[in-house]
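# Inside the fold
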There are 2 protein chains.
Amino acid sequence: MKTPTRKEEIIKSAAKLFLERGYSAVTMRDLAKELGIKAASLYNHISSKHEILESLIISVAEEFTVGMNQIFLSEISTLEKVEQVIHLHIDVTVKNQDALGSLNNDWMHLEGKALPYFEQMRNQYEENFRQIIKTGIVEGSIAARDPEILLFSVLSTLRTLYLWYPKKNSIDMQTLKADMTATMLASIRA
Amino acid sequence: MKTPTRKEEIIKSAAKLFLERGYSAVTMRDLAKELGIKAASLYNHISSKHEILESLIISVAEEFTVGMNQIFLSEISTLEKVEQVIHLHIDVTVKNQDALGSLNNDWMHLEGKALPYFEQMRNQYEENFRQIIKTGIVEGSIAARDPEILLFSVLSTLRTLYLWYPKKNSIDMQTLKADMTATMLASIRA
DNA sequence: AGATTAAACTAACAAACGTTAGTTTTGTAT
DNA sequence: ATACAAAACTAACGTTTGTTAGTTTAATCT
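In this section: the nonpolar core. In terms of nonpolar packing, the biggest core is built from 122 residues, with Ile52(A), Phe129(A), Met180(A), Ile52(B), Phe129(B) and Met180(B) touching the most fellow members. When sequence neighbours within four positions are dropped, the list of residues in contact with Met180(A) reads Ile90(A), Thr157(A), Leu158(A), Leu161(A), Thr175(A), Ile149(B) and Phe152(B).

Before going further, it helps to examine the interface of chain A and chain B. Counting residues at the interface gives 32 residues for chain A and 33 residues for chain B. Both sides of the chain A and chain B interface together cover about 2800 Å² of buried area, and 66% of this is carbon and sulfur. In terms of surface lost to chain B, no three residues of chain A exceed Ile149(A), Phe152(A) and Trp164(A), which account for 25% of the buried area on that side. Across the chain A-chain B interface, the total number found is zero salt bridges. Taken together, the elements giving at least two residues each to the side of chain A that touches chain B come down to helix H1 (6–21), helix H7 (147–164) and helix H8 (173–188) of chain A.

In the vicinity of DNA strand C lie 16 residues, with Arg6(A), Lys38(A), Asn44(A), Thr27(B) and Tyr43(B) positioned nearest. The protein-proximal atoms of DNA strand C, defined as those within 4 Å of the protein, are 57% sugar or phosphate. Within the contact set of DNA strand C, a phosphate oxygen lies 2.7 Å away from a side-chain nitrogen or oxygen of Arg6(A).

We now examine the relation of the copies chain A and chain B. By a simple turn and slide, chain A fits onto chain B: the slide is 0.0 Å along the axis, the RMSD is 0.0 Å, and the turn is 180 degrees. Here the symmetry operator amounts to a two-fold rotation axis. Nearest to the rotation axis, the C-alpha of Ser187(A) is located 1.9 Å from it, this being the minimum over chain A. Take the interface residues of chain A: 100% of them recur as interface residues in chain B, which is what a same-surface contact looks like.

The local shell around DNA strand D holds 16 residues, among which Thr27(A), Tyr43(A), Arg6(B), Lys38(B) and Asn44(B) are the closest. Arg29(A) places a polar side-chain atom, nitrogen or oxygen, 2.9 Å from a base nitrogen of DNA strand D. Arg6(B) is positioned with one of its side-chain polar atoms (N or O) 2.6 Å from a phosphate oxygen of DNA strand D. Partitioning the surface near DNA strand D into residue classes produces six nonpolar, five polar and five charged.

For the rest of this paragraph, the subject is the pattern of salt bridges. Residue and element names in this part refer to chain A. Summed over all chains, the structure comprises 20 salt bridges over all chains. Arginine 122 is the partner of glutamate 126 in a salt bridge, and the nearest nitrogen-oxygen pair spans 4.0 Å. You can see glutamate 126 and its partner arginine 122 sitting in helix H6 (residues 114–139), four residues apart, about one turn around the helix. Each member of the pair, glutamate 126 as well as arginine 122, is classed as buried. One network of salt bridges, with partners in common, ties together Arg122, Glu126 and Arg159.

Relative to the helices and strands, Met180(A) resides in helix H8. Spatially, the C-alpha atoms of Met180(A) and Thr5(A) are 35 Å apart, while their sequence positions differ by 175 residues.

Our focus in this paragraph is the layout of surface pockets. All names here are of chain A. A volume near 470 Å³ is recorded for the second largest pocket. Forming the boundary of the second largest pocket are 18 residues, of which Glu8, Ile11, Lys12, Leu56 and Asn96 lie nearest the centre. Looking at the lining of the second largest pocket, the elements with two or more residues in it are H1, helix H3 (49–73), helix H4 (78–95) and helix H5 (97–105). Ranked by residues supplied to the lining of the second largest pocket, first place goes to H1 with five residues.

Residues and elements named next belong to chain A. If you trace the backbone, aspartate 106 turns up in the loop between H5 and H6. There is no salt bridge for the buried aspartate 106, and the closest opposite charge comes from lysine 49, which lies 8.7 Å off by N-O distance. Within the structure, aspartate 106 has its side chain in polar contact with the backbone nitrogen of tyrosine 23 (distance 2.8 Å). Other than its neighbours up to four places away in sequence, aspartate 106 contacts Phe18, Gly22, Tyr23, Leu53, Ile57 and Gly101.

Further remarks concern the packing of aromatic side chains. Going through the model one piece at a time under the given rule, you end up with eight aromatic pairs over all chains. A ring pair is formed by Trp107(A) and Phe118(A), whose centres lie 5.8 Å apart and whose planes are at 25 degrees; its orientation type is stacked. You can see Trp107(A) sitting in the loop between H5 and H6 and its partner Phe118(A) sitting in helix H6, a full eleven residues away along the chain. Ring geometry for Trp164(A) and Phe152(B): centres 4.9 Å apart, planes at 40 degrees, overall tilted. Of this pair, Trp164(A) sits in helix H7 while Phe152(B) is found in helix H7 (residues 147–164), placing the two residues in two different chains. Phe152(B) matches Trp164(A) in its accessibility class, with the two residues each being buried.

Thresholds applied
- Residues numbered from 1 in each chain as written.
- Chains lettered and ligands numbered in written order.
- Predicted model: local features only at pLDDT ≥ 70, side-chain atom pairs only at ≥ 80, totals over all residues.
- Heavy atoms only, no water.
- Core = buried A, V, L, I, M, F, W, Y, C linked by side-chain atoms within 4.5 Å.
- Buried < 20%, exposed > 50% of the residue type's maximum accessible area, 1.4 Å probe, protein only.
- Contact = heavy atoms within 4.5 Å.
- Buried area = accessible area lost by both parts, 1.4 Å probe.
- Salt bridge = Lys/Arg side-chain N within 4 Å of Asp/Glu carboxyl O.
- Helix = DSSP H or I, 4+ residues; strand = E, 2+ residues; numbered from the N terminus.
- Near = heavy atom within 4 Å.
- Polar contact = N/O pair within 3.5 Å; in protein donor to acceptor, adjacent residues only side chain to side chain.
- Least-squares fit on C-alpha atoms with pLDDT ≥ 70 in both.
- Nonpolar A, V, L, I, M, F, W, Y, C, P; charged D, E, K, R; others polar.
- 1 Å grid on protein atoms, 1.4 Å probe; cavity = no way out; pocket = protein on both sides within 12 Å on 5 of 7 lines; lining within 4 Å.
- Points joined across faces, edges and corners; volume = space filled by probe spheres on them.
- Lys, Arg positive; Asp, Glu negative; His and termini not counted.
- Phe/Tyr/Trp six-rings, centres within 6.5 Å; stacked < 30°, edge-to-face > 60°.

See below:
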């Protein structure tokens, strides 16, 4: 457990506030107050408000991308792939709880190359998942319904987990993973 | 198809912009430009930016509440209730597409009594749904998994529909309703 | 003790914010 | 044509915004 740099502390606090109120509604003075300092002091560590948003979103998005690519290319059954994607999503969400808020709701405020970069990662992630589902339907392991609806159904639940998990930390990780996987697999299984 | 008042046009445009960028990131000048007028002119029709948000969110929330109460009290089977809730959610979402963005992401910017009022409606809606699910588990019609996870899974999908529906309007309403209901019932059914 | 460095500070900026007051334009009904 | 109402306008207000420049404090190392 290494001690975080001041920059990391700032980003962490920002993530928390962005989650509560959204990126645009959080001012640099709000963020400074949360840390017990003055707004101008933040700029000794970060170069802009946008930089904070960018580092929050892009690092998590890359984590998703790397994980998904690995699963997509691995030699396991379709249903096992779906299961792994679910586990990946849960793990990344739990690890980056607050940042998930920005990733889901404030990605459109990314600037410059960061925006198309993020969108490309997001599209590819969805496309990989779509391919897995379509393959499952052809194979007969996944229900023969509109693949778009199956994809949307599973992805919605996964993407909203960040809102629920904090409230329900009475549930332990093991049960959460098992029950979520069971529920979501049941929804798409043939 | 009665012609909308200017106020209604303003609120509708606002809903669209709030959906795209979030409430806090949309300025009154943005909104005015969208309507081809100057910002000050908006105040001939509305009294504040907050009033727009409030009328957007509260009216839809009440629609959800009324619908849910009706279903909750009706004399039908548990699974039929779940099915009706799903249909309610789809209908309200399709009818108020843009407003759903604010309801989901900007409710925390409500002011005064509107905030606790909204929160109470939201909690009661969830509580009613929770009761339906718990009853189903006791009866044996719904899978014996953690009811919180079942609730969260279904509700997440329903609440995110507003993001998906606009992109997939190739799918007709009939298929959408049928496939969504099938998918979500499959995820919780015993 | 003196030097160095990290991290805070004060003060201020130009731009953008929501909103107000008062005035002019536009369309409709007399 | 005149009167009336609806809806636009210009101009400006006090605040808040993200950010900069320059300075002071606090802790660490030689």
